[in-house]
Amino acid sequence: MAKITFREAGGSEHTIEIDNGLSLMEGAVRNMVPGIDADCGGACSCATCMVYVPPEWADRLPAKESSEEAMLQFCPHATAESRLSCQITVSDALDGLRVTVPESQH
Amino acid sequence: MNDPLIIIGAGQAADQIVASLAQNGYKAPIVVIGEEPHPPYQRPPLSKKFLAGEMAVDRLYLKPAAFYDKAGASLMLDRRVTNIDRATRTVVTGTDARLNYATLVIATGSRPRRIALPGTDLDGVLYLRTIADVQAIHSRFQPGKRLVIVGGGYIGLELAAVAVKHGLDVTVLEQVPRLMARGVGPVVSNFYARLHARHGVKVHLSTAVTGFEGAGRVERVACADSHHAADLVVIGVGAVPNVELAAQAGLAVDDGIVVDDQCRTADPAVYAIGDCASQMQPLAGRRLRLESVDNALSQAKAAAAAICGRPLPPPQTPWFWSDQYNVKLQMAGLSAGHDEAVVRGDPESGTSFAVFYLRDARLIAVDAVNRVPEFMASRQLIAQAARPPADRLRNEGIAMKDICG
Ligand SMILES: Cc1cc2nc3c(=O)[nH]c(=O)nc-3n(C[C@H](O)[C@H](O)[C@H](O)COP(=O)(O)OP(=O)(O)OC[C@H]3O[C@@H](n4cnc5c(N)ncnc54)[C@H](O)[C@@H]3O)c2cc1C
Ligand code: FES
């Protein structure tokens, strides 16, 4: 279980607890965090579950696979801090993680 | 006018229209009537991770219960709508209860095409569409069992991949000479035939099934000149739209329920979205019914915008995916009517490649096998009506990012 904070583009924050084994995306959807569309349900095919991870957390997350990296390259709002939240499996190690949700996934 | 907006069907499209209505500030009550006992859930994992046992059932559910409450939507599950009366704006449910609607959204999806052959009623002859179907398959899904899959479409092939990994003895019988013939081009079909053969699936093409045999439960599948022993048969030969309610209510049906660009039928109070709707597809230049998550979501968003008097979201390139083994197939656009197919990469010996489909030099579709950049770039290029030169598409030395320009 990890306590994770999602910050909306407008500034409001949602701190939620996510069970180990679920993806960050699933945790956000179950807790009705706005701005995570997740159109493909976690199949790494839609890039509508993107979040920004601050640099101090980047190395502590499971590394990107090539498909995630390639999806992000074609996302309109992606930056070096972007991750697809469906590709990040939650574990205790993520406790305290803070991510930002983009204003729009499209 | 306090009658609710009623949605018939509680699937992928229903879930999205509830979300989009809420996002657009829709305030009137919403009632979602679904015949399955589950809240709206995603079907793609039914032939992938959920079938493989890697995912609990609650992970299929698209939203938590609180989401529907917050959106002002009540779910009436395990209830089938049996009639629509447009004159009085009512729907009748199985228990003979009548409910009035102000606006009606038909999101009834599709169901597996049944085949009219002897023996389909035998025990062990199954289909794959719902959670209940997967549970029935699971009860017979033991290593060593002989599974015969009728139909080499993407659902049957995803099932084959999961089953052979699980230690079942798997045979696929496909009537036409190639796999996934309705969805992808021949180069991709041939790649998948080799992929499945390599994993130990027995793929028989151009093989028409003539019936199922057994004493009470299925034991063999009969074809014109062969027999295949079976402990379990799954039939996956396409889907037919659930349009009977609409047709009985006098709405136009042409394969799917006929709708305009707002997903509205000829009755301004009635919309249809998802697998059951037939809508003009600009890329194909004609009205079509699409069966995909993307289409269910796009149509739900368009209908929600129309209902709320908002501008329609800009049209997107249709897309689809299929996971078999560790190979990801991603498709964008609609390839029907192409006059040129351009291959990038080596489908014969490689593990990744893409096929681009062009019509009058315009890119209209892509089949990308383990090729995310080709898929993502094509989604943009297709939406822009771009005419990327075939020799650049073919040239692996030029990055897709650069072709996008
Ligand atoms: C095994 C499988 C794998 C798939 N994989 C993919 C994939 O990888 N990628 C992809 O893009 N798409 C995939 N699809 C297709 C995708 O799931 C569908 O296109 C999508 O579910 C369509 O959404 P829908 O809301 O129109 O229909 P559905 O999700 O089918 O929902 C319709 C609901 O309406 C209910 N209903 C029907 N009639 C009535 C009635 N009279 N009264 C009450 N309720 C009624 C039905 O029981 C059903 O629950 C897959 C489908 C299946 C079956
Ligand atoms: S949910 Fe589609 S890529 Fe993450």
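Each chain has its residues counted from 1, following the order in which its sequence is written. Written order determines the labels here, with chains lettered from A and ligands numbered from 1. In view of the model being predicted, local features appear only for residues whose pLDDT reaches at least 70, and side-chain atom pairs are presented and counted only at 80 or more, with totals across whole chains, interfaces and linings using the full set of residues. Values shown for side chains rest on all heavy atoms present in the structure; no hydrogens or waters enter the calculation.

Student: Help me understand the environment of Y61 of chain B in this model?
Tutor: All names here are of chain B. Residue placement: Y61 occurs in the loop between β2 (30–33) and α2 (65–70). Sequence separation of Y61 and P39 is 22 residues, and the distance between their C-alpha atoms is 6.5 Å. Under the rule applied, a polar contact is a pair of N or O atoms within 3.5 Å (in protein, one hydrogen donor and one hydrogen acceptor; residues adjacent in sequence only if both atoms are side-chain atoms). In this structure the side chain of Y61 is engaged in a polar contact, spanning 2.8 Å, whose partner is the side chain of H38. In DSSP terms, a helix is any run of H or I states spanning at least four residues, a strand is any run of E spanning at least two, and both are numbered starting from the N terminus.

Student: How should I be thinking about the site of ligand 1 in this particular structure?
Tutor: All names here are of chain B. A single heavy atom is enough: if one lies within 4 Å of a molecule or strand, its residue is considered near that molecule or strand. As a matter of local geometry, ligand 1 sits amid 34 residues, with A13, E36, K48, R129 and D275 nearest to it. Take R129: an N or O atom from its side chain is 2.7 Å from an oxygen atom of ligand 1. Methods summary: accessible areas were calculated by the Shrake-Rupley approach with a probe of 1.4 Å, and residue burial reflects only the protein chains presented. Protein chains shield 97% of the accessible area of ligand 1, which is 1000 Å² for the free molecule. Elements with a minimum of two residues in the shell around ligand 1: α1 (12–23), α4 (154–165), α7 (293–307) and β23 (319–324). Each residue is assigned to one class: nonpolar for Ala, Val, Leu, Ile, Met, Phe, Trp, Tyr, Cys and Pro, charged for Asp, Glu, Lys and Arg, and polar for all the others, Gly among them. In terms of residue class, the shell around ligand 1 is made up of 15 nonpolar, ten polar and nine charged. Domain borders in the structure are assigned automatically or taken from a domain database. Among the domains, domain 1 (5–111 + 239–307) and domain 2 (114–235) are the pair contributing at least three residues each to the shell around ligand 1.

Student: Is there a simple way to think about the sheet that holds strand β14 (residues 220–223) of chain B in this case?
Tutor: Residue and element names in this part refer to chain B. Paired strands, as defined in this entry, are two strands with at least two bridges between them according to DSSP. Overall, antiparallel pairing links the three strands, which are arranged β13-β14-β15 in an open sheet. Whereas interior strands pair on both sides, the edge strands pair on one side only; in this sheet they are β13 (209–213) and β15 (226–229). Mean inter-strand twist for the sheet, computed between neighbouring axes without regard to direction, equals 20 degrees. Across four bridges, the pairing between β13 and β14 is antiparallel. Paired with E213 across the bridge in β14 is R220. For helices, the fitted line uses only the C-alpha atoms of the stretch in contact; every axis is such a line through C-alpha atoms, and the angle between N-to-C directions lies from 0 to 180 degrees.

Student: Hey, could you run me through the environment of Y127 of chain B in this one?
Tutor: All names here are of chain B. For Y127, the location among the structural elements is in strand β9 (residues 125–127). Each residue is assigned to one of three classes by its accessible area relative to the maximum for its type, calculated with a 1.4 Å probe on protein chains only: buried under 20%, partly exposed between the two thresholds, exposed over 50%. Exposure remark for Y127: the relative accessible area of 9% places this residue in the buried category. Residues Y127 and D69, 58 residues apart in the sequence, show an inter-C-alpha distance of 33 Å. It only takes one pair of heavy atoms within 4.5 Å for two residues to be counted as in contact. The contact partners of Y127, leaving out residues within four places of it in the chain, are P112, R113, R114, I115, D133, I137, V234 and I235.

Student: Just to check I follow, could you spell out the state of the cysteines for this structure?
Tutor: Disulfides are covalent bonds that connect the sulfur atoms of two cysteines. We call a pair of cysteine sulfur atoms a disulfide when they lie within 2.5 Å. One pass over the full model with this rule turns up zero disulfides over all chains. Of all cysteine sulfurs, the one in C75 of chain A lies closest to C404 of chain B, which takes part in no disulfide; the gap is 13 Å. What makes C404 of chain B buried here is its relative accessible area of 16%.

Student: Please clarify how the packing of α1 of chain B against α7 of chain B should be interpreted in this entry.
Tutor: When two helices pack together, their arrangement is captured by the angle between the axes and the distance separating the axes. Residue and element names in this part refer to chain B. Where α1 contacts α7, the axes come no closer than 8 Å and their chain directions differ by 35 degrees. Viewed along their axes, α1 and α7 form a crossing whose handedness is right-handed. Contacts between α1 and α7 involve Q12, A13, Q16, I17, S20 and L21 from the first element and V293, A296, L297, A300, K301, A303, A304 and I307 from the second. Taken together, the residues of the contact of α1 with α7 sort by class into ten nonpolar, three polar and one charged. Two helices that cross are described as forming a left-handed crossing if the nearer one is turned anticlockwise from the farther one by less than a right angle, and a right-handed crossing if clockwise.

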